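So you can see what is in the structure, the chains are spelled out below.
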Amino acid sequence: MQRDFLANNKGQRMLAFDLQKVLMKIFERSNISFAVFEVDHKLLPTSFINVNKAFCEKLGYAREELLSKSIIEVYGEPIDKIKKTNNSRNAIDKAMVTRRYLLGKNGVRLPVEIHQYNTNIKGVPIGIAIIIDISEQLDSQIKLDESEAHYKRIVEQMPDAIFICDSNRIIYANKSAVRFLGRKSVKEVVDKPLHMFTHADYYEEIIKQINFVLNKKEQVPNFETKFVRNDNLEFYVNSSTNYLIYHGIPAVQIIVRDITEKKKNQDIIKFMAYHDNMTGLCNLTHFHDKLTSYIHRNKFTNNIAAVLYLDVDGFKAVNDSLGHAIGDKLIIAISNRLKSFLDKNHIVARGFGDEFLILMKDTTKELVDHYTNKIIHGFRESFCIDTYEFYLSMSIGISYYPENGKEAKVLVKNSKIALYNVKENGRDNLRTYDITLKEKSEAQAKIKNNLRKALEKEEFLIHYQPKVDISSGQVSGAEALIRWNYQSTSMIPPSDFIPIAEESRMIVPIGDWVLYNVCKQQIEWKKKGIVSLRTAVNISAVQLQNKNFLNTVHQILRDTKVDPKYLEFEITESALINNFSSSNEVLNELRKIGIEISLDDFGTGYSSLSYLRNLNIDNLKIDRCFIRDISKDKKNSDIVKGIIEMAHALGIVVTAEGVEDVKQLMILKQFECDYMQGYLFSRPLPKEDYEKAIQSNLYKPHEIFKLLN
């Protein structure tokens with residue numbers, strides 16, 4: 001038994017000895033830093049007893065150097081901001097964790113986490129510690145803190161309102177959100193139910209969106225709602241919602257942007273698309289839509305509708321003699337008088353210039369006679385505009401559905417044919433469309449014959465109206481305008497013969513003549529050493545739809561050897577509306593060879609807002625009716641500004657027509673309009689005067705433009 005006991009005791013000693021050797025190897029060879037040290041009566045470390053290789057390398061000391069130092073020399077300032085030492089845990093046989101800086105040999109402060117265990121060996125208190133380098137962890141935490149602080153600063157300074165909500169309560173709002181709701185402090189917003197700030201009509205919708213995001217953890221971008229400020233001011237907003245965890249709880253981030261002004265602009269643009277800006281009446285697009293809709297609804301009924309095409313007799317003389325300011329006021333007075341003769345269910349539209357259209361639905365011929373005679377007699381009374389008194393009359397052409405046509409464009413066309421017959425037979429009357437209309441045919445034949453003779457006798461002239469760069473005041477080019485010097489006795493304005501030329505298709509040879517002579521003039525100026533400027537030529541719908549148009553353009557360019565970059569073709573909205581696709585193809589071909597394309601008289605008839613993004617044009621010309629009251633009417637100036645901004649967003653240059661005073665020019669410059677035409681700078685000039693003006697440098701920056709700069 002004694003032998004067995006001695007054997008077992010020896011085995012235990014051998015086991016303890018072997019275990020000690022293993023532990024020493026682990027201590028020495030481990031990549032983890034170990035240290036054994038003496039502690040004082042307060043169990044604070046005083047001097048090292050032993051350190052391993054990893055610890056020495058971490059601090060850059062040799063073992064002997066560390067063993068000769070007191071621990072106080074190695075300790076730096078404590079970094080227990082994250083977790084302070086708990087003195088109550090600083091006891092024998094209890095583990096404790098502290099965070100401190102240790103000083104390396106090179107003076108670098110090393111952040112460490114010390115896992116210390118205090119014990120007694122033979123009555124001597126010692127500490128055993130594992131030292132963990134937390135440099136990377138600390139750097140990550142610092143970067144995280146900095147990132148969070150940076151993000152918070154960004155969020156607080158963002159112009160968009162940002163809310164964070166739970167299912168029904170605002171738990172965070174940035175400064176913009178507070179201002180957005182008309183409050184003075186965050187306290188007035190945070191912890192308040194969302195319905196306090198949401199318009200009643202939209203509350204259920206926004207709660208639905210929030211619950212969707214919380215349940216699905218998905219984003220809901222771009223939905224419109226309405227909010228209410230503390231002063232009961234309502235405003236539209238565009239909201240985007242995102243799911244996030246905020247302070248440990250599921251939440252929804254709502255980014256809100258005020259779109260009230262955008263909505264107003266959309267309403268303005270929508271109004272522009274379907275109404276005449278000057279009179280507020282329907283435009284031709286809206287009129288065609290209304291008429292088409294009526295026809296579709298009444299295909300299988302016996303209902304009758306009448307389309308009236310009206311033209312104001314004598315208006316052009318007023319406009320040409322007294323200018324557009326008086327002319328525009330007269331148009332407004334005419335439209336108001338016209339509406340006063342009609343019932344509310346009659347649809348009235350403004351056409352081109354002094355033309356109007358009326359749709360009388362579910363009517364009779366007797367009723368149409370009643371209203372048309374009322375209009376004709378009513379327009380014989382004078383109009384007083386400013387200090388002027390005008391005596392005008394009205395000519396009316398009438399077509400009936402379904403008798404004179406079963407399509408909107410046919411009914412409008414036939415009413416216009418009847419109108420022309422009235423115009424050719426004394427005016428101040430009405431005429432119902434008749435397929436025979438012998439008088440109309442005779443009149444057309446006469447006009448066609450006169451136009452042909454005018455072309456053969458070279459009675460046509462070209463005048464040039466300068467186009468001016470608003471930023472510099474320099475002439476950048478001109479618009480070529482045809483004039484008819486009839487039998488060398490009277491100058492017939494284009495508004496009197498161009499519509500007839502278009503209807504008779506004589507506009508094709510006339511248009512070819514204009515283009516050829518403009519190109520020929522460019523070459524003559526070049527030979528004289530006159531600087532080359534781009535010239536704009538008006539192209540009609542008939543020309544654009546002529547299958548030989550492109551070939552004709554190419555032939556004229558070859559014959560005259562003009563560089564296409566000095567040409568610009570002006571196309572009206574009406575030239576595009578009937579056959580947009582094929583017309584756009586022709587315009588694209590013209591642009592390929594270097595000819596610039598301009599959309600003329602923008603907004604006066606068929607609105608092309610819906611086509612602009614698909615139409616490749618270089619220049620958009622704002623019609624004079626938009627410029628007239630730009631300095632007097634805020635709404636009107638907002639429309640002009642909106643057109644300019646919209647065009648620039650599409651990469652389109654903008655020209656304002658009909659600029660007649662300095663105030664208009666100043667506003668256009670403020671709106672960053674690119675070019676202008678108008679009597680403020682120059683009337684259309686004969687080619688000789690335009691040539692002299694360029695040669696004599698008359699159009700160097702005008703004094704007006706110097707003042708603007």
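Starting afresh in each chain, residues are numbered from 1 along the sequence in its written order. For a predicted model such as this one, the threshold for reporting local features is a pLDDT of at least 70, and the threshold for listing and counting side-chain atom pairs is 80 or more; totals across whole chains, interfaces and linings nevertheless cover every residue. As a rule here, side-chain values cover all heavy atoms of the structure and leave hydrogens and water aside.

Go over empty space enclosed by the protein, please, and point to the residues and values.
Buriedness for pockets is judged along seven lines, at least five of which must meet protein on both sides within 12 Å for an open set on the 1 Å grid over protein atoms alone, while cavities are sets there where a 1.4 Å probe fits but cannot get out, and lining residues have an atom within 4 Å of a point. Grid points are joined across faces, edges and corners, and a volume is the space filled by probe spheres set on the points. Inspection of every chain in the model, using the stated rule, returns 2 cavities of 30 Å³ or more. In this model, the largest cavity occupies a volume close to 60 Å³. What lines the largest cavity is simply Ala35, Phe37, Phe48, Phe55, Ile71, Val74, Tyr75, Leu102, Ile114, Ala129 and Ile131. Strands here are runs of E lasting at least two residues and helices are runs of H or I lasting at least four, both read from the DSSP assignment and numbered beginning at the N terminus. Those elements that provide at least two residues to the lining of the largest cavity are strand S1 (33–39), helix H4 (71–74) and strand S6 (124–133).

Could you give me a rundown of the pattern of salt bridges, with the residues and numbers involved?
Put simply, a salt bridge is a Lys or Arg side-chain nitrogen that is within 4 Å of an Asp or Glu carboxyl oxygen. Scanning the entire structure with this criterion turns up 25 salt bridges. Here Glu403 ties to Lys365 by a salt bridge, and the two come within 2.9 Å at their closest N and O atoms. Taken together, the residues span a long stretch of sequence, with Glu403 in the loop between strand S17 (393–401) and helix H13 (408–424) and Lys365 in helix H12 (residues 365–378) at a distance of 38 residues. Relative accessibility under 20% of the residue-type maximum defines a buried residue, over 50% an exposed one, and the middle range a partly exposed one, all with a 1.4 Å probe and only protein chains included. Taking the relative accessible area as the measure of exposure, Glu403 reaches 53% and is therefore exposed. The residue Glu570 makes a salt bridge to Lys621 at a minimum N-O spacing of 2.8 Å. Of this pair, Glu570 sits in strand S23 (residues 567–572) while Lys621 is found in strand S25 (residues 619–622), placing the two residues 51 residues apart along the sequence. When sorted by exposure, Glu570 lands in the same class as Lys621, which is buried.

Can you lay out the sheet that holds strand S12 (residues 305–313) for me, pointing to particular residues and giving the numbers?
Strands were regarded as paired on the criterion that DSSP finds at least two bridges between them. Spatially, 5 strands are ordered S13-S14-S12-S17-S18 in an open sheet, and the strand pairing comes out mixed. The two strands at the open ends of the sheet, each matched to only one other strand, are strand S13 (347–350) and strand S18 (430–432). On average, adjacent strands in this sheet sit at an angle of 20 degrees to one another, irrespective of strand direction. Sheet topology note: the S17/S18 ladder contains 3 bridges and is parallel. Bridged to Ile396 within S18 is Leu430. In what follows, a contact means two residues having at least one pair of non-hydrogen atoms within 4.5 Å. The axes used here are C-alpha line fits, helices contributing only the stretch in contact, and every angle between their N-to-C directions lies in the interval 0 to 180 degrees. Each of S12, strand S14 (355–360), S17 and S18 touches H12; the most contacted strand, S17, lies at about 165 degrees to it. Strand contacts of H13: S12, S14, S17 and S18, with the helix running at about 145 degrees to S17, the strand carrying the most contacts.

So what about unusual backbone geometry? Which residues, and what values?
Each neighbour pair has its own omega, and for Tyr401 with Pro402 the value is 5 degrees, a cis peptide bond. Mapped onto the secondary structure, Pro402 falls in the loop between S17 and H13. Of note in the backbone geometry, Asp191 takes a positive phi value of approximately 70 degrees without being a glycine. For Asp191, the position within the fold is in the loop between helix H6 (175–180) and helix H7 (203–216). The phi dihedral of Asp386 falls on the positive side, at around 55 degrees, and the residue is not glycine. Relative to the helices and strands, Asp386 is located in the loop between strand S15 (383–385) and strand S16 (388–390). On the accessibility criterion, Asp386 (52% relative accessible area) is exposed.

So, the pairing of S1: which residues are in play, and what are the values?
When you tally the buried positions in S1, you get 6 out of 7 residues, the bulk of the element. In this structure, S1 lies alongside S6, joined through 6 bridges in antiparallel fashion. Bridge pairing in S6 links Val36 to Ile128. Relative to strand S2 (residues 45–51), S1 runs antiparallel, the two being bridged by 4 bridges. Each bridged residue has a counterpart across the sheet, and for Ala35 the counterpart in S2 is Val51.

So what's going on with the side chain of Lys467? Which residues, and what values?
Position of Lys467 relative to the elements: it lies in strand S19 (residues 460–469). At 3.5 Å, the side chain of Lys467 and the side chain of Glu568 are in polar contact. Each residue touching Lys467, except ones within four places of it in the same chain, is listed here: Gln474, Val475, Ser476, Gly477, Ala478, Glu568, Asn619, Thr655, Tyr675, Met676 and Gln677. In protein, a polar contact means a hydrogen-donor-capable atom and an acceptor-capable atom, both N or O and within 3.5 Å, with residues adjacent in sequence counting only if both atoms are side-chain atoms; elsewhere, any N or O pair within 3.5 Å suffices.

Describe in detail the packing of helix H9 (residues 284–297) against H13, supporting the description with residues and values.
Orientation of H9 relative to H13, taken along the N-to-C sense of each, is 115 degrees, at an axis distance of 9 Å. Seen from H9, the contacting residues are Phe287, His288, Leu291, Thr292 and Ile295; seen from H13, they are Ala408, Lys409, Leu411 and Val412. Residues of the contact of H9 with H13, tallied by class, amount to 6 nonpolar, 2 polar and 1 charged. Residue polarity follows a fixed list, in which Ala, Val, Leu, Ile, Met, Phe, Trp, Tyr, Cys and Pro are nonpolar, Asp, Glu, Lys and Arg are charged, and the others, Gly among them, are polar.

Which residues make up the environment of Thr241, and what values go with them?
Along the chain, the position of Thr241 falls in strand S10 (residues 234–246). Relative accessible area serves as the criterion here: at 1%, Thr241 is assigned to the buried category. Between the C-alpha atom of Thr241 and that of Ile206, which follows or precedes it by 35 residues, the distance is 9.8 Å. Leaving out residues up to four positions away in the same chain, Thr241 has contacts with Val213, Glu218, Gln219, Val220, Phe223, Val252, Gln253 and Ile254.

Which residues make up the nonpolar core, and what values do they have?
Nonpolar cores were defined as sets of buried Ala, Val, Leu, Ile, Met, Phe, Trp, Tyr and Cys residues, with membership established by side-chain atoms within 4.5 Å. Within the largest apolar cluster, 114 residues are counted, with the highest numbers of intra-cluster contacts made by Ile334, Ile375 and Phe569. Ranked by residue count, the leading element in this core is helix H16 (residues 507–527), at 9 residues. Residues in contact with Ile375, not counting those within four places in the same chain, are Leu310, Leu338, Phe341, Leu342, Ile358, Met394 and Ile396. Formed by 26 residues, the second largest nonpolar core is a distinct cluster that contains Ala161, Ala177, Ile254 and Val256.

Before we move on, could you go through the packing of helix H18 (residues 549–560) against helix H20 (residues 580–592) and cite the residues and values that matter?
Where H18 contacts H20, the axes come no closer than 11 Å and their chain directions differ by 20 degrees. Judged by the inter-axis angle, H18 sits roughly parallel to H20. With respect to the hand of their crossing, H18 and H20 are arranged in right-handed fashion. Where H18 abuts H20, its residues Phe549, Leu550 and Val553 lie against Val586, Glu589 and Leu590. Class assignment of the residues belonging to the contact of H18 with H20 gives a composition of 5 nonpolar, no polar and 1 charged. Just so you know how the angles are binned, under 35 degrees is roughly parallel, over 145 roughly antiparallel, 65 to 115 roughly perpendicular, and the rest oblique. By definition, any crossing whose near helix is turned counterclockwise from its far helix by less than a right angle is left-handed, and any crossing with a clockwise turn is right-handed.

Would you mind going over the packing of aromatic side chains in detail, with residue names and values included?
We call Phe, Tyr and Trp rings a pair once their centres come within 6.5 Å, taking the six-membered ring for Trp, and we label the pair stacked below 30 degrees between planes, edge-to-face above 60, and tilted otherwise. Taken as a whole and judged by the stated rule, the model has 17 aromatic pairs. On the basis of an interplanar angle of 45 degrees and a centroid distance of 6.3 Å, the ring pair of Tyr172 and Tyr246 is categorised as tilted. Linking Tyr172 in strand S8 (residues 170–173) with Tyr246 in strand S10, this pair joins segments that are 74 residues apart in sequence. Three or more aromatic residues joined by ring pairs form one cluster here, namely Phe460, Trp484, Phe497 and Trp513. In this scheme, the term charge over a ring applies when either NZ of a lysine or CZ of an arginine sits within 6 Å of the ring centre and within 35 degrees of the ring normal. For Arg109, the ring lying beneath its charged end belongs to Tyr101, and the centroid distance is 4.0 Å. Across the ring face of Tyr675, the terminal group of Lys467 is positioned such that the distance to the ring centre comes to 4.9 Å.

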